[in-house]
Amino acid sequence: MNKYLATDETHENHPHRLSENIRYENLAELLFETMAEGMFTVNANRIITSWNRSMEQITGYKASEAVGKNCQHFEFNRCFQDNCPPDFKECGIFAIGNVDGKRCMLKHKEGHMVPILKNARLITDNEGNAIGAVETVTDLTELETTRLKVEEAERKLGERYQYGNIIGKSRAIKQVFAAIKAAAASDATILVEGESGTGKELVTGAIHHHSHRNGGPFVVVNCASLSESLLESELYGHTKGAFTGAIRDRIGRFEEASGGTVFLDEIGEISPYMQIKLLRVLQERKIERVGDSRLRDIDIRVIAATHRNLFDRVQNGLFREDLYYRLKVFPIRVPSLRERKEDIFLLVDHFLKLQNQKTGKCLQGIAANAMRLLMDYSWPGNVRELENAIEHAFVLRHRGLIEVPDLPIEIRQMTAPTISSVETGGAYSANITRNELLQLLDHCGWNKAAVARQIGKSRTSVWKYMKKYAIPLKKE
C-alpha cells in the first residue's frame, strides 16, 4: 500500500471486484501523488490521515512526519480565523463547511511562513455526519514574490516621476526635482517663481517636508490677501492695546513657525514698509511684535513665492533691490505647463485617479481626440486649469472615456491668446520670419501642431521652417 494513503477495505470474497478496485485505487494513488497542488486529509479530530508529495515540497515535512499529527501543528493561521481554535468542533471547516479560495499562511519546517491558497471539503458518512475533511493547498510564494516586485517597480516609477505631490518626467520638471533636493539639504532662503497655477506651493511644501525642519511647523501666509496693517499683525503678532481691537497679546506667524518654515506666498505684493520690516527679519532673524519694543529671536526658514517678475519690479522701483537679493539666495523657477507638455499624460492619469476616488465613478481614461486637444491647448492657467478641466469632465461623464464634449468650452474652441507681433488682420504671413516663428513656438509651448494651426500650414511645413532657420526641434 502506498505510504501516502491508507485503507481498511478488503475484498477477499470478490476477486473480480478486487482487481477492478485495485486498478482504480492505483489510479487514485497516482493522481494523489502527482498533483501540483498539495493535498491532505484529516479525520474528525483534525488528525492528518494522508499527505501527498506536493505537501512535502510546500511544507518541508515528509508524509511520515505529518501523518498522525494534528493539523494545528502546521499553523495554518488566518484560514478561517486568526488562529486555530483549541476545540476541533470550532474549526472553520467543520463549522462553515466547504471553503473555496481562502488565502492564508502555513509554517514551513524551517520556520518561515508560506503564503498559500486553501480549499476544503467536508467528508461525511451516510447519515451526513462529518467524519473528516480533504484540503488542497496552492503555494503562492512565486505569485507573492511577483506581486512584491510589481509593487516595488510601481513605487520606483512613482519616485522617478514624482517628488512629493509634483508629477512629471519632462526635463524641465526634473530640474525642479533636483532644485528641491538641493534646497531641502540647506537652510538658505528660497524664492520660488512661476506663473499662477504651476504648483509653487507644492514645491515649497516638498522643500519643507524633505528638509531637517520637517518636524517643525509649515506656516503659510498669503501676502496678497491682507492689508498692510493686518499683514504686519499676522506676521509679527501684537501686544494688548497696540491698536483698536487688540484686547490681548497675540503671537505672530514668524514665532509660530519656530523650528520650521514660513511660506510667504505672493511676496511681490507687499508694501514698501513691509519690505523694510521683512528685510530686517532676513538679516537679523529677530522680530518685534506690533506695540512692543522687545526684540525676539526666531528660528525659521523663509521661502517666498511670486507669479510676478520681481526683477522687473525692482527695475521699476516697486520692489527693494536689497530685499530681492536677500530672498533670491536660491531661486527655483517652476515651468509653465506649456513648457512641459509631455507631462500632461501623467498629470491627466493622476487627476483621473483622484476624481474616480473622490466621486466613486470609474472612468477609464480619455479619448484620443480629447487628449489631442489637451496637448494642443496653451494652458494659461497651467496645472490648476488642467485639474479643473478633468473635474469639469467628471461632472458630465459618468462612465467610459472622457470625450471632447466633456471638456471646458475654452479648450474645445482653442481660444488661445494671439500674438500681435506675428498677426496681420487675423491671418499670418505666408513667409513667416525666424523671430515670428520663435515667438509662436514659445507661445504654443513648442508644439508644432499648434503652431501649424496658427499659421494655417501643415506640421511638416513648420519643421521645414525650423530647419531653414536652424531652430532646434526642442527648446534649449
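All figures in this text were calculated on a predicted structure; none of them were measured in a lab. Sequence order as written defines the numbering, with residues in each chain counted from 1. Selection of residues for local features in this predicted model requires a pLDDT of at least 70, selection of side-chain atom pairs for listing and counting requires 80 or more, and totals for whole chains, interfaces and linings are taken over all residues. Hydrogens and water are ignored here; the side-chain numbers use all heavy atoms of the structure.

Details of the overall build of the protein
A run of DSSP states H or I qualifies as a helix once it reaches four residues; a run of E qualifies as a strand once it reaches two. Both are numbered from the N-terminal end. When helices and strands are tallied, the protein shows 19 helices and 18 strands. A burial count over the protein gives 43% of its 476 residues as buried. Any two residues having at least one pair of non-hydrogen atoms within 4.5 Å are treated as being in contact. Taking all contacts inside the protein whose residues are at least 6 apart in sequence as the whole, residues at least 24 apart take part in 63%. A 1.4 Å probe and the Shrake-Rupley method give the accessible areas. Residues count as covered only by the protein chains that appear here. For the protein, the computed accessible surface area is about 25,800 Å², with 50% contributed by carbon and sulfur atoms. Burial here depends on accessible area, computed with a 1.4 Å probe over protein chains only, as a share of the maximum for the residue type. Under 20% is buried, over 50% is exposed, and the range in between is partly exposed.

Digging into helix α6 (residues 171–184)
The span one expects for a helix is its residue count, reduced by one, times 1.5 Å. Helix length check: α6, at 14 residues, gives a terminal C-alpha distance of 20 Å against a target of 20 Å (1.5 Å per residue), a fit within 8%. Inspection of α6 places Ala172, Ile173, Val176, Phe177, Ala179, Ile180, Ala183 and Ala184 among the buried residues, and these make up the whole buried set. Within α6, the buried residues cover an arc of 165 degrees as seen down the axis, which keeps them to one side. Projecting away from the buried face of α6 at angles above 90 degrees are the exposed residues Arg171 and Lys181. The directions from the helix axis to the C-beta atoms form the arc being described.

Examining the sheet that holds strand β9 (residues 218–222)
Paired strands, in this sense, are two strands between which DSSP finds at least two bridges. If you trace the five strands from one edge of the open sheet to the other, you get β9-β12-β15-β8-β16, paired in parallel fashion. Each edge of the open sheet is held by one strand with a lone partner, namely β9 and β16 (330–333). The mean angle between the axes of side-by-side strands here comes to 20 degrees, regardless of whether they run parallel or antiparallel. Where strand β12 (residues 261–265) meets strand β15 (residues 301–306), four bridges bridge the pair, whose relative direction is parallel. Bridge pairing in β15 places Thr261 opposite Arg301. Note on geometry: axes are lines fitted to C-alpha atoms, helical ones only across the stretch in contact, with angles between N-to-C directions running from 0 to 180 degrees. Sheet strands in contact with α6 are β8 (190–193), β15 and β16, and its direction is about 155 degrees off that of β16.

Some remarks on unusual backbone geometry
Unlike most non-glycine residues, Arg285 shows phi in positive territory, near 55 degrees. Within the element layout of this structure, Arg285 appears in the loop between α10 (272–284) and β13 (286–287). Within the chain, Trp379 stands out as a residue other than glycine whose phi angle is a positive 50 degrees. With respect to the secondary-structure elements, Trp379 resides in the loop between α14 (368–376) and α15 (382–396). By relative accessible area, Trp379 is classed as buried at 0%.

Notes on the nonpolar core
Ranked by internal contacts, the top residues of the largest apolar core, which has 29 residues, are Phe254, Leu264, Ile267, Ile270, Leu278 and Phe319. Ranked by the residues each element gives to this core, the list is headed by α10, at five residues. When neighbours within four sequence positions are excluded, Phe319 is seen to be in contact with Ile267, Gly268, Ile270, Gln275, Leu310, Arg313, Val314, Tyr324 and Leu327. We define a nonpolar core as any set of buried Ala, Val, Leu, Ile, Met, Phe, Trp, Tyr and Cys residues linked to one another through side-chain atoms lying within 4.5 Å. Counting 25 residues, the second largest nonpolar core, distinct from the first, contains Ala370, Trp379, Ala389 and Phe394.

Focus on empty space enclosed by the protein
The method is simple in principle: a probe with the dimensions of a water molecule rolls over the atoms, and the space it marks as empty is what remains. Each cavity reported here is a set of points on a 1 Å grid over the protein atoms alone in which a 1.4 Å probe fits but cannot get out, each pocket an open set with protein on both sides within 12 Å along at least five of seven lines, and each lining residue one with an atom within 4 Å of a point. Grid points are joined across faces, edges and corners, and a volume is the space filled by probe spheres set on the points. Under the criterion given, the structure shown has two cavities of 30 Å³ or more. Within this model, the second largest cavity holds a volume of roughly 50 Å³. Lining the second largest cavity, in full, are Cys223, Leu231, Leu235, Tyr236, Leu264, Ile267, Ile270, Met274 and Leu278. Of all the secondary-structure elements, those providing two or more residues to the lining of the second largest cavity are α8 (228–236) and α10. With three residues, the single largest contributor to the lining of the second largest cavity is α8. All residues other than Ala, Val, Leu, Ile, Met, Phe, Trp, Tyr, Cys, Pro, Asp, Glu, Lys and Arg, Gly among them, are scored as polar; the first ten of these are nonpolar and the last four charged. Residues of the lining of the second largest cavity, tallied by class, amount to nine nonpolar, no polar and no charged.

Focus: the pairing of β8
Burial of β8 is two-sided: the residues Ile190 and Val192 facing one way and the residues Leu191 and Glu193 facing the other way are all buried. In this structure, β8 lies alongside β15, joined through four bridges in parallel fashion. In the strand pairing of β15, Val192 is matched with Ala305. Pairing of β8 with β16 involves four bridges; the strand directions are parallel. When the sheet's bridge partners are listed, Glu193 is paired in β16 with Arg333.

Quick notes on the side chain of Ser336
Topologically, Ser336 is positioned in the loop between β16 and α13 (344–359). Other than its neighbours up to four places away in sequence, Ser336 contacts Glu195, Thr198 and Asn382.

Re the environment of Ile123
Looking at the element boundaries, Ile123 is found in strand β4 (residues 113–124). With a relative accessible area of 34%, Ile123 lands in the partly exposed category. Remark: the alpha-carbon pair of Ile123 and Asn43, spanning 80 residues in sequence, is separated by 8.6 Å.

A few points about the sheet that holds strand β5 (residues 130–139)
As a general point, the strands of a sheet are linked pairwise by backbone hydrogen bonds and lie either parallel or antiparallel. Here five strands make up an open sheet; going across it, the order is β2-β1-β5-β4-β3 and the pairing antiparallel. Edge positions in the sheet fall to β2 (48–51) and β3 (99–107), since each of these pairs with one other strand and no more. Each strand of the sheet is rotated relative to its neighbour by a mean of 30 degrees, with strand direction disregarded.

Some details on the packing of α8 against α10
Helix packing for two helices is described by the angle between their axes and how far apart those axes are. For the pair α8 and α10, interaxial distance at closest approach is 10 Å and the crossing angle is 15 degrees. Classified by the angle between their axes, α8 and α10 sit roughly parallel to one another. Crossing handedness for the pair α8 and α10: left-handed. Along the contact surface, α8 presents Glu228, Leu231, Glu232, Leu235 and Tyr236, while α10 presents Tyr273, Met274, Lys277, Leu278 and Val281. Taken together, the residues of the contact of α8 with α10 sort by class into seven nonpolar, no polar and three charged. Throughout this description, any angle smaller than 35 degrees is read as roughly parallel, any larger than 145 degrees as roughly antiparallel, any in the 65 to 115 degree range as roughly perpendicular, and the remainder as oblique. Note on convention: near helix rotated counterclockwise from far helix by under a right angle means a left-handed crossing. Clockwise means right-handed.

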